[in-house]
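Here is what each chain is made of, one letter per residue.
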Amino acid sequence: MDAGGENAQDCQFGNDWLTNLIAVIVFVGMSSGYAPQLYRIIKKGSSEGFSPFFLLLGSTSAAAGFWNMITMQWGVARCCGSVSLGSCIEITAGIFQVFWQWFCFTAIFVLYILYYPERLKHEKNLSTDAAEPVKTKEWSLALVCSWVTFAHFVFSGTTTLYLMNTITPPPGPNSSLPDQVHLWATFLGVSSAILAAIQYAPQLIHTYQLKLVGALSIPMMFINAPGSVFMITGIALRPGTNWTSWFTFLVAGIMQAALLFMCIAWKFRQRRLGIDDFGNPLVFEVPVNMDSTEDERSPLVRK
């Protein structure tokens with residue numbers, strides 16, 4: 001098929017300024033939303049408080065949504081050979097949005113593994129005859145979840161690219177997907193929605209039992225929970241998408257809002273108990289009264 005002939009005729013796109021504006025808002029909001037969480041883990045030097053099942057389900061859900069978007073908009077992306085660079089960026093912005101969602105969430109998983117507390121990695125073994133320390137169940141589970149996440153991404157990506165290169169959808173915003181491709185896209189979208197629906201359940205249970213905020217970032221949830229509305233709108237307005245492409249973000253937004261309210265409640269509880277986000281007692285500085293005797297001063301001051 002001639003890139004400048006039939007492709008150019010099929011690849012006719014209108015200039016939708018509203019959709020483009022929403023795409024910019026989503027990208028900026030998503031970046032500013034995930035940045036506090038990534039920064040918090042690095043700054044605290046700990047990822048304690050996260051549920052590995054939450055990260056597993058979130059990463060696989062985001063990956064399935066990403067490959068669903070590529071499948072649904074493959075015909076649109078093929079038009080990049082017939083339009084200008086600016087138009088190509090515009091028509092594939094939906095793919096980039098979903099990719100950025102996956103990338104940011106997976107980055108949290110990577111930092112979770114890198115900053116997992118050393119004291120929680122191995123069992124306390126009083127025997128001196130042990131050849132090597134034994135991994136805790138939690139750390140072993142975290143490693144298994146990370147490998148499952150990686151395998152899922154590779155499998156989904158390989159299958160998607162194979163189908164796209166063997167059963168190639170025609171170019172254009174109104175092109176219909178072949179039955180096999182449409183079935184695979186629906187599977188990805190539905191599985192992404194199901195994973196998103198149960199994604200926050202392990203984290204909600206974990207945070208409820210811990211009764212601490214831990215390394216979770218309230219600013220991230222405060223931005224991302226309402227930001228899911230823009231994400232859904234931006235995807236729904238894209239050509240070649242359907243409910244399977246945006247439903248996952250609706251479910252995730254509702255569950256994330258529930259986690260946000262729980263963390264806010266634990267913040268008030270921590271303040272009342274005088275502990276920090278990890279359960280450690282808060283140390284308050286006591287003003288030094290130079291006229292007081294040594295015995296009247298705080299032990300911290302006397303040190």
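What counts as what
- Each chain has its residues counted from 1, following the order in which its sequence is written.
- Only residues with pLDDT of at least 70 get local features here, since the model is predicted, and only at 80 or more are side-chain atom pairs given and counted; chain-wide, interface and lining totals rely on the full set of residues.
- With hydrogens and water set aside, each side-chain value is computed from the structure's full complement of heavy atoms.
- Counting from the N terminus, the helices are DSSP H or I runs at least four residues long and the strands are E runs at least two residues long.
- UniProt positions are given in the numbering used here, feature names are shortened, and annotations may be inferred rather than shown by experiment.
- For salt bridges, the criterion is a side-chain nitrogen of Lys or Arg within 4 Å of an Asp or Glu carboxyl oxygen.
- Relative accessibility thresholds used throughout: buried, under 20% of the residue-type maximum; exposed, over 50%; partly exposed, between the two (1.4 Å probe, protein chains only).

(A) Structural context of unusual backbone geometry. The backbone of Lys211 sits at a positive phi, close to 55°, despite the residue not being glycine. Positionally, Lys211 belongs in the loop between α8 (179-210) and α9 (218-236).

(B) Spotlight on the UniProt feature "transmembrane region" (unreviewed entry) in the protein. Mapped onto this numbering, the UniProt entry gives "transmembrane region" (unreviewed entry) at residues 17-37, 49-67, 99-118, 139-163, 183-201, 213-237 and 243-266. In residues 49-67, the share of helix is 84% and the share of strand is 0%. The end C-alpha atoms are 29 Å apart. Secondary structure content for residues 139-163 is 100% helix and 0% strand, and the end C-alpha separation is 37 Å.

(C) Up close: the pattern of salt bridges. Evaluation of the coordinates by the stated rule reveals 4 salt bridges. Taking the shortest distance from any N to any O, the salt bridge between Arg119 and Glu48 comes out at 2.6 Å. Here Arg119 is found in the loop between α6 (93-114) and α7 (137-166), whereas its partner Glu48 is found in the loop between α2 (17-44) and α3 (52-72), with 71 residues between them in sequence. Lys121 is the salt-bridge partner of Glu118, the closest N and O atoms lying 3.1 Å from each other. On the accessibility criterion, Lys121 (11% relative accessible area) is buried. A cluster of three or more residues bridged by salt bridges with shared partners is formed by Arg40, Lys267 and Asp277.

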